[in-house]
Amino acid sequence: MSEQEADIIIVGGGTAGLVLATRLSANPNLDILLLEAGQDLSSDPRTQTPAFWYNLLSTDADWGFNTEPQAALAGKRFRQPQGRQLGGSSGLNGMVFVANSRANVDAWGALGNEGWDWETLAPYYRKVFHMTLPKDPEKIKELGLEYVDVQNSSGSEDGLIQSSFPDALVDPSASAWVQTLRGLGYPMKKDPFSGEAVIGGYINAATIHPISKTRSYSANAYYLPVKGRTNLRVVTGAQVTRVMLERSSDGEGEPIATGVEYTTNSTTQPLAAKARREVILSAGAYNSPKLLELSGIGSPAILSQFGIPVQVANLHVGENLQDHAMAGVSFEVQDSVNFTLDDLTRQVPEALAAAMREYQIERSGPFTVGGFYSSALLPVPDFADPETGVSELEKVLVLTLENDNGDEDGVDRFALTRRCDFLRALLTNHADEATAAYFTYPAQVDFSNTGVNSTDGYTPGPARPENYITIFAMLLHPLSRGSTHITSASAADPPRIDPRYLSHPVDTDILARHVRFIDTIASAPPLSSLLKPGGKRSPGVPANLASAPLAEVAEYVRAACMNNYHSTGSCAMMPRERGGVVDARLRVWGVKGLRVVDASVLPIIPRGNIQSTVYALAERAVDLVLLDYA
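Procedures and definitions
Residues numbered from 1 in each chain as written. Predicted model: local features only at pLDDT ≥ 70, side-chain atom pairs only at ≥ 80, totals over all residues. Heavy atoms only, no water. Helix = DSSP H or I, 4+ residues; strand = E, 2+ residues; numbered from the N terminus. Buried < 20%, exposed > 50% of the residue type's maximum accessible area, 1.4 Å probe, protein only. Contact = heavy atoms within 4.5 Å. Salt bridge = Lys/Arg side-chain N within 4 Å of Asp/Glu carboxyl O. Axes fitted to C-alpha atoms, helices over the stretch in contact; angles between N-to-C directions. Parallel < 35°, antiparallel > 145°, perpendicular 65-115°, else oblique. Left-handed = near helix turned anticlockwise from the far one by under 90°. Nonpolar A, V, L, I, M, F, W, Y, C, P; charged D, E, K, R; others polar. Phe/Tyr/Trp six-rings, centres within 6.5 Å; stacked < 30°, edge-to-face > 60°. Lys NZ or Arg CZ within 6 Å of the ring centre and 35° of its normal. Core = buried A, V, L, I, M, F, W, Y, C linked by side-chain atoms within 4.5 Å. Disulfide = S-S within 2.5 Å.

J.: Explain the environment of Pro69 to me, please; I cannot follow it from the model alone.
T.: As for its position among the elements, Pro69 is in the loop between β3 (65-66) and β4 (79-80). Judged by relative accessible area, Pro69 falls into the partly exposed class, the value being 45%. The contacts of Pro69, once residues within four sequence positions are left out, are Gly75, Lys76 and Arg77.

Next comes the structure, spelled out in structure tokens:
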């Protein structure tokens, strides 16, 4: 077994891993080795071109994980994409760049994580990115970007991740969306990146370079500019199989992480790399807990099942898994509307050729955008009703009270109660705090065919001949928790993933109320003027959706539910006795010289898409590591 050494070994060159490698290698006294299972795809057009992000899913750039059948969703299974390339999921995602909230970050601290609060983390959020507004004042007005606080909430001049807005795209629905939400009483009055409680409709930023209209992510923004550093070695095609742990000669005390074993495509025998100072797992919400378990850190019952000696018993490894569930409705547009992406998803040659010409020649058109950009952060509208709002709110609060003492494997009652307290506070403060993110997609989505064996709805096949706009509602703060665990003692086998979507009754109730409000949005001007009166909708949508019985809408939500690829929480940062896997300095409980720095440590899922938070987490982790060496 050949060996190499470094001060710090980073496992995973993804969103967080490349931030760590770049920042830590700025210290010439530290020798950094990063091991990434995937390859460098920074020059691949599928990575560079924003609209091609979906073409990377289920390829070699993706680990290709799937969930177990979901009990609350009639056994439906989902894909769980995770980036397998330099840049990880930041090179695979839809590039949506949205902010977390003060309330969310402060809730992490309330779980017993000293030093994790908004005031501490906010500078790291700003450090990550630089936001560029459209140059044309009319475009700023059209997109309703007056909410952007340029002085305080647009990142920093030195931010490496570039973010921008869809200023090279003709899409009347974007302006109509913002105006419609304003007309319904939901203008965006504050910049979400301020961290304050905000509600309203807005056009969100994306991690897309404002000039080149290419993806900005951890590989090309952080790593490539410094790849020549002599104290930074990055090995691609290297899959880590376990963390090497040693105990003192007397067998007493905590085990010490001394390095890792890994395999490559060109070797038949495992290789070893020794860490003089520490090992940092940045392998993601599924592979980080998997590596802990393969190394003997986890539930004794699970480890013994596969013949893995227990090094550190911790029932919480792989538990507390969270994701944002969502559902929505597609609405047929007027015959005169010609800006939807339906022809592209139907692979119409003329439409594809025209879009490619626009992108290559003018850096404009539909290929300049990734995921969604017309967004809203909204509370449950039912609770604002002057006649029934109070009673409806009480119904939901009772649901959380009735279910906050249920049993969850590996999760301490304290943590579960704190999460319920957090949600109840948001629901009670519904005039200011959002519980769902709404967004539009300018094409049809097949909500009846969103399982693992389908195309997840975004690329219908065969597509219906009409053109559509789809409005989604995404549950921001789910109480449902799942798990991810190894299925064998081999690193080559995928983990068992069970997010347990909508398993908590309050999640179904809240999401159904938001989906019901989608009809109200679609019926309001000016958005309604783009939709065909009496036009087709998604199959199975209840008639008169806005006033349909909640139970009927809930049934539709369970049938139409989709996942968001925002997996977090499986190596939660909390006190060990309260459900934690890592402490407030991201060190694995019960092991010396081992940390986890990725989305798996986030104990409560962030508000909205998670990439801005993972970047901020990694930037703060750099300072925590360096403080330990001071």
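From this point, things continue past the structure.
J.: Is there a simple way to think about helix α9 (residues 284-294) in this case?
T.: The periodicity of an α-helix, 3.6 residues per turn, causes residues three or four places apart in sequence to face the same way. Within α9, 11 of the 11 residues are buried, which leaves it mostly tucked inside the rest of the structure. Taken residue by residue, α9 has Gly284, Ala285, Tyr286, Asn287, Ser288, Pro289, Lys290, Leu291, Leu292, Glu293 and Leu294 as its buried positions. Of the residues trailing α9, Gly296 is marked for its positive phi of about 95°.

J.: What am I meant to see in the pattern of salt bridges here?
T.: A side chain of one charge can pair with a side chain of the opposite charge if their charged atoms are brought near each other. Under the counting rule described, the total for this entry stands at 30 salt bridges. Of the charged contacts, one joins Asp382 and Arg513 as a salt bridge, the two residues approaching to 2.8 Å between their closest N and O atoms. In this pair, Asp382 sits in the loop between β17 (374-378) and α13 (389-403) while Arg513 sits in helix α15 (residues 505-522), placing the two residues 131 residues apart along the sequence. Across the pair Arg595 and Asp628 runs a salt bridge whose closest N-O atoms are separated by 2.5 Å. Of this pair, Arg595 sits in strand β22 (residues 594-596) while Asp628 sits in helix α17 (residues 611-629), and the two are 33 residues apart along the sequence. What emerges from the salt-bridge pattern is a single network uniting Asp382, Glu392, Lys395, Asp509, Arg513 and Arg516.

J.: Would you take a moment to explain the side chain of Ser374 for this structure?
T.: Along the chain, Ser374 falls in strand β17. In this structure, Ser374 is in contact with Ala174, Trp177, Tyr202, Ile203, Asn204, Tyr438, Phe439 and Thr440, ignoring residues within four places of it in sequence.

J.: What is the right way to read the packing of helix α3 (residues 102-110) against helix α14 (residues 413-428) from this model?
T.: Angle between the axes and distance between the axes are the two parameters that describe a pair of packed helices. Interhelical geometry of α3 versus α14 gives an angle of 155° and a closest axis separation of 10 Å. Looking at the two axes, α3 sits roughly antiparallel to α14. The handedness of the crossing between α3 and α14 comes out as right-handed. Contacts between α3 and α14 involve Ala103, Asn104, Ala107 and Ala110 from the former and Phe414, Arg418, Phe422 and Leu426 from the latter. Its residues assigned to classes, the contact of α3 with α14 shows six nonpolar, one polar and one charged.

J.: Even after reading the chapter, I still don't get the packing of aromatic side chains, so can you show me in this structure?
T.: Any aromatic ring pair is given by two values, namely how distant the centres are and how the planes are angled relative to each other. One pass over the full model with this rule turns up 17 aromatic pairs. Note on Phe52 and Phe367: the rings are 5.1 Å apart at their centroids and 70° apart in plane angle, and the pair reads as edge-to-face. Linking Phe52 in the loop between α2 (45-48) and β3 with Phe367 in the loop between α12 (349-362) and β17, this pair joins segments that are 315 residues apart in sequence. Per residue, the accessibility class of Phe52 equals that of Phe367, and both read buried. Taken together through their ring pairs, the aromatic side chains of Phe372, Phe439, Phe447 and Phe472 make up a single cluster. Positioned above the aromatic ring of Trp116 is the side chain of Arg620, whose terminal nitrogen or guanidinium carbon lies 4.5 Å from the ring centre.

J.: How should the nonpolar core be read in this particular structure?
T.: When a protein is soluble and globular, its nonpolar side chains tend to lie buried together. Ile9, Leu292, Tyr438, Leu586 and Leu594 are the most contacted members of the largest nonpolar core, which has 189 residues in total. When sequence neighbours within four positions are dropped, the list of residues in contact with Ile9 reads Leu33, Leu35, Gly259, Val260, Ala273, Lys274, Ala275, Glu278, Val279 and Ile280. Judged by nonpolar contacts, the second largest core, of 11 residues, contains Tyr54, Leu56, Leu92 and Ile208.

J.: Any chance you could explain the state of the cysteines here in plain terms?
T.: Here a disulfide denotes one covalent bond, and it connects the sulfur atoms of two cysteines. Here the structure, examined in full by the defined rule, presents zero disulfides. In this structure Cys420 is not part of a disulfide, and its nearest cysteine sulfur, from Cys561, lies 19 Å away. The class of Cys420 is buried, set by a relative accessible area of 0%.

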